[in-house]
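Results of the structural survey
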Amino acid sequence: MMAADQTVHGVPPSLSAKVVGSFAYLTVRDRLPTILTKVIDTIHRNKNKFFEEYGEEGIQAEKQTIGLLSKMRNELQTDKPVIPLTDSLQDAECWNQYLQKHQKLHGDQESVSWFKSPWLYVECYMYRRIHEALWLNPPISDYDVFNEGKTQGFFESQQAVMTICTHLEGINSNIENLSKNQLFEHFNKLLQVSLWGNKCDLSISAGQDNSQKTSPIDSLVSLQPLILVNDSNTVWSTLISAQTHARSEKTTVRVDIVLDNAGFELVTDLVLADFLVSSGLAHEVHFHGKSIPWFVSDVTAHDFQWTIQQTMAANHKCMSKIGYQWKSHLKDGVWSYHDHPFWTQPHEFCDMAADAPDLYANLQGADLVLFKGDLNYRKLVGDRDWDHTVGFGTALQGFGPAPLCSLRTLKANVQVGLQPGQAEKLTSHEPDWMTCGKYAVIQFYSSKAEQKD
Ligand SMILES: O=P(O)(O)OC[C@H]1O[C@](O)(CO)[C@@H](O)[C@@H]1O
Ligand SMILES: [Mn+2]
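Cut-offs used in this document
- Residues numbered from 1 in each chain as written.
- Chains lettered and ligands numbered in written order.
- Predicted model: local features only at pLDDT ≥ 70, side-chain atom pairs only at ≥ 80, totals over all residues.
- Heavy atoms only, no water.
- Axes fitted to C-alpha atoms, helices over the stretch in contact; angles between N-to-C directions.
- Helix = DSSP H or I, 4+ residues; strand = E, 2+ residues; numbered from the N terminus.
- Parallel < 35°, antiparallel > 145°, perpendicular 65-115°, else oblique.
- Left-handed = near helix turned anticlockwise from the far one by under 90°.
- Contact = heavy atoms within 4.5 Å.
- Nonpolar A, V, L, I, M, F, W, Y, C, P; charged D, E, K, R; others polar.
- Donors = N, O, S within 2.8 Å, 3.2 Å for Na, K, Ca; no water.
- Near = heavy atom within 4 Å.
- Polar contact = N/O pair within 3.5 Å; in protein donor to acceptor, adjacent residues only side chain to side chain.
- Phe/Tyr/Trp six-rings, centres within 6.5 Å; stacked < 30°, edge-to-face > 60°.
- Buried < 20%, exposed > 50% of the residue type's maximum accessible area, 1.4 Å probe, protein only.

1. Brief notes about the packing of helix α4 (residues 92–106) against helix α5 (residues 119–135)
Direction vectors running N to C along α4 and α5 enclose 150°, while the axes themselves pass 13 Å from each other. By the angle class used here, α4 and α5 are roughly antiparallel. For the pair α4 and α5, the sense of crossing is left-handed. Contact residues: α4 offers Ala 92, Trp 95, Tyr 98, Leu 99 and His 102, while α5 offers Tyr 121, Cys 124, Tyr 125 and Arg 128. For the contact of α4 with α5, the per-class residue count stands at 7 nonpolar, 1 polar and 1 charged.

2. Examining the coordination of the manganese ion (ligand 2)
Here the manganese ion (ligand 2) is held by Asp 260 (OD), Asn 261 (OD1) and Asp 298 (OD), and the distances to it run 2.1 to 2.3 Å. Along the chain, the residues that donate to the manganese ion (ligand 2) are spaced as D-N-x36-D. With Asp 260 in the loop between β2 (254–258) and α11 (264–278) and Asp 298 in the loop between β3 (284–289) and α12 (301–313), this pair connects stretches of sequence that are 38 residues apart.

3. Comments concerning the site of ligand 1
Around ligand 1 sit 16 residues, and of these Arg 31, Glu 123, Asp 374, Leu 375 and Arg 378 come closest. Between Arg 31 and ligand 1, the recorded distance is 2.7 Å, taken from a side-chain N or O atom to an oxygen atom. Those elements giving two or more residues to the shell around ligand 1 turn out to be α5 and α16 (373–380). Here the element with the most residues in the shell around ligand 1 is α16; it accounts for 4 residues. Partitioning the shell around ligand 1 into residue classes produces 5 nonpolar, 4 polar and 7 charged.

4. Description of the packing of aromatic side chains
Using the criterion set out here, one finds 29 aromatic pairs in the structure. Between Tyr 25 and Phe 115 the ring centres are 5.9 Å apart and the planes differ by 65°, which places this aromatic pair in the edge-to-face class. In this pair, Tyr 25 is assigned in helix α1 (residues 23–45) and Phe 115 in the loop between α4 and α5, connecting sequence segments 90 residues apart. Just as Tyr 25 is buried, Phe 115 falls in that class too. Where Tyr 98 meets Tyr 121, the ring centres are 4.9 Å apart and the plane angle is 75°; that geometry is what we call edge-to-face. Of this pair, Tyr 98 sits in helix α4 while Tyr 121 sits in helix α5; the two residues are 23 residues apart in sequence, bridging distant segments of the chain.

Encoded structure:
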């Protein structure tokens with residue numbers, strides 16, 4: 001067992017840095033301070049820019065923000081208690097209530113701290129505190145400290161982006177003549193491209209370049225054996241039955257994509273969404289992004305719009321054509337972008353129905369929800385020390401607004417829904433199989449379908 005607490009009512013304990021040597025411990029001890037140091041450096045490097053834009057006030061803001069961030073880094077490294085947020089942003093109250101709930105649970109304030117509390121909680125909290133430090137210092141309140149890395153990630157993946165756009169254009173130009181089997185083949189490929197796009201996050205690498213350099217299509221065959229759970233057939237049949245149902249009821253099929261990272265991963269998600277619409281598998285795609293800069297590379301509304309603008313402006317025929325198509329999907333309401341504060345809170349998704357009932361109700365309108373990436377997976381299964389053979393449905397603990405599928409490369413030591421012996425075999429060959437980012441899952445759950453566990 002990786003966590004110290006005992007299992008309560010069949011639900012295992014949260015992963016936590018209190019287990020010395022665990023991945024959570026190493027993350028809190030090493031990776032988070034590294035990320036914070038980079039944040040501080042970035043703000044400092046931009047001092048002149050702040051001066052040019054805001055004069056002396058910009059310099060003061062830079063100094064004070066760095067002061068707050070250094071203070072937080074010190075709190076983290078010396079395992080100080082988690083403290084309430086002091087900004088007046090809409091979600092501050094909710095964060096502070098969450099803190100109080102944890103304090104009550106443990107009986108004292110000291111025990112809610114960087115190394116003693118659930119890893120998921122403190123890691124999310126760090127990003128919210130970064131936001132607070134900037135927010136408290138106008139005129140640089142809106143500065144996205146991760147923007148440079150995200151932009152760089154996009155440009156460094158240009159070759160792969162062009163390849164995938166050319167591939168998509170090839171499919172689209174002949175889409176009416178494709179048989180159902182051919183559509184299925186294309187669907188499978190693009191689902192896997194979107195899956196492996198998740199390798200390109202900048203949080204696991206603590207901000208180091210992690211862009212896509214090879215052809216995303218050519219590598220699919222060799223990557224296939226690394227997909228530990230592959231429910232893509234069920235995802236396909238869910239879409240087909242939604243389509244049949246929509247035809248008979250004269251309604252539409254809606255797919256939601258809960259986005260993860262900007263850069264190459266976002267492009268792969270947009271490509272998948274484009275295919276879903278042009279093939280008629282879906283009539284509407286709702287994208288869900290983050291309302292504040294998050295986990296280094298996650299998509300914000302600005303990143304989303306910027307990526308589409310860049311695609312349109314590319315000096316590459318297919319890419320630019322596709323960019324214009326994306327813009328018109330947004331204009332026509334075929335695509336829409338949404339953000340909700342719940343995505344940047346520390347809750348497990350099983351809390352969504354109670355803590356963000358509007359978002360839960362919204363997701364219930366989808367025929368399929370795709371959850372991208374590692375952090376979303378951690379939140380889906382509560383970031384708990386589950387046995388690897390526990391069913392995905394069990395680990396979701398009642399969360400299931402609609403049929404859902406996680407597309408995730410493994411970057412944290414939590415994984416459910418494996419065959420007996422599968423995890424042991426992996427461990428014997430590669431002890432870090434859950435955290436090295438080499439493996440992936442396409443894991444489906446629907447409360448309507450026959451449960452898999
Ligand atoms: O972008 P993703 O796939 O959610 O990954 C985020 C990364 O941050 C973590 O959540 C923790 O740092 C890892 O589990 C993961 O490597
Ligand atoms: Mn991410």
